[in-house]
Amino acid sequence: MKEEHVKINTEFIKLEALLKFAGVVGTGGEAKLAIQNGEVKVNGEPCAMRGKKLRPGDRAELDGQVLVVE
């Protein structure tokens, strides 16, 4: 499992934007499908909300890659 720390300069980042920004998915459409299909976990729980707001300390996981928001 690969872990990557993603630093943001705002209060939060939406889940879909995080996946694109970190390069885990290539497009917003790919992110949307992965989220809708239940492939994404946020803080260890499946998440189906594209607009889920992630703040520093939150973790998102897709295909064995973990993104930690800082």
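About the thresholds
- Residues numbered from 1 in each chain as written.
- Predicted model: local features only at pLDDT ≥ 70, side-chain atom pairs only at ≥ 80, totals over all residues.
- Heavy atoms only, no water.
- Helix = DSSP H or I, 4+ residues; strand = E, 2+ residues; numbered from the N terminus.
- Contact = heavy atoms within 4.5 Å.
- Buried < 20%, exposed > 50% of the residue type's maximum accessible area, 1.4 Å probe, protein only.
- Arc of directions from axis to C-beta.
- Core = buried A, V, L, I, M, F, W, Y, C linked by side-chain atoms within 4.5 Å.

**Student:** What is the right way to read the side chain of Gln-65 from this model?
**Tutor:** Inspection of the secondary structure puts Gln-65 in strand S7 (residues 65–69). Filtering out sequence-adjacent residues up to four positions away, Gln-65 remains in contact with Lys-2, Glu-4, Val-24 and Ala-60.

**Student:** Sorry if this is basic, but what is going on with helix H2 (residues 28–36) here?
**Tutor:** Two residues of an α-helix separated by three or four positions point the same way, owing to the 3.6 residues in each turn. Those residues of H2 that fall on the buried side of the exposure criterion are Gly-28, Ala-31, Ala-34 and Ile-35. The buried side chains of H2 occupy one side of the element, clustering within an arc of 125° when seen end-on. Against the buried residues of H2 lie helix H1 (15–21) and strand S6 (59–62). Just downstream of H2, Gly-38 is the residue with a positive phi angle, here 75°.

**Student:** Just to check I follow, could you spell out the nonpolar core for this structure?
**Tutor:** Taken as a class, soluble globular proteins show a tendency for nonpolar side chains to be buried jointly. Of all hydrophobic cores here, the largest spans 19 residues; its most connected members are Leu-15, Leu-18, Leu-19, Val-40, Leu-54 and Leu-67. The contacts of Leu-15, once residues within four sequence positions are left out, are Ile-35, Val-40, Val-42, Cys-47, Met-49, Arg-50, Lys-52, Leu-54 and Ala-60.

**Student:** What is the right way to read the environment of Lys-53 from this model?
**Tutor:** Topologically, Lys-53 is positioned in strand S5 (residues 53–54). It is 9.7 Å that separates the C-alpha atoms of Lys-53 and Leu-18, two residues lying 35 residues apart in sequence. Setting aside its immediate chain neighbours within four residues, Lys-53 contacts Phe-12, Ile-13 and Asp-58.

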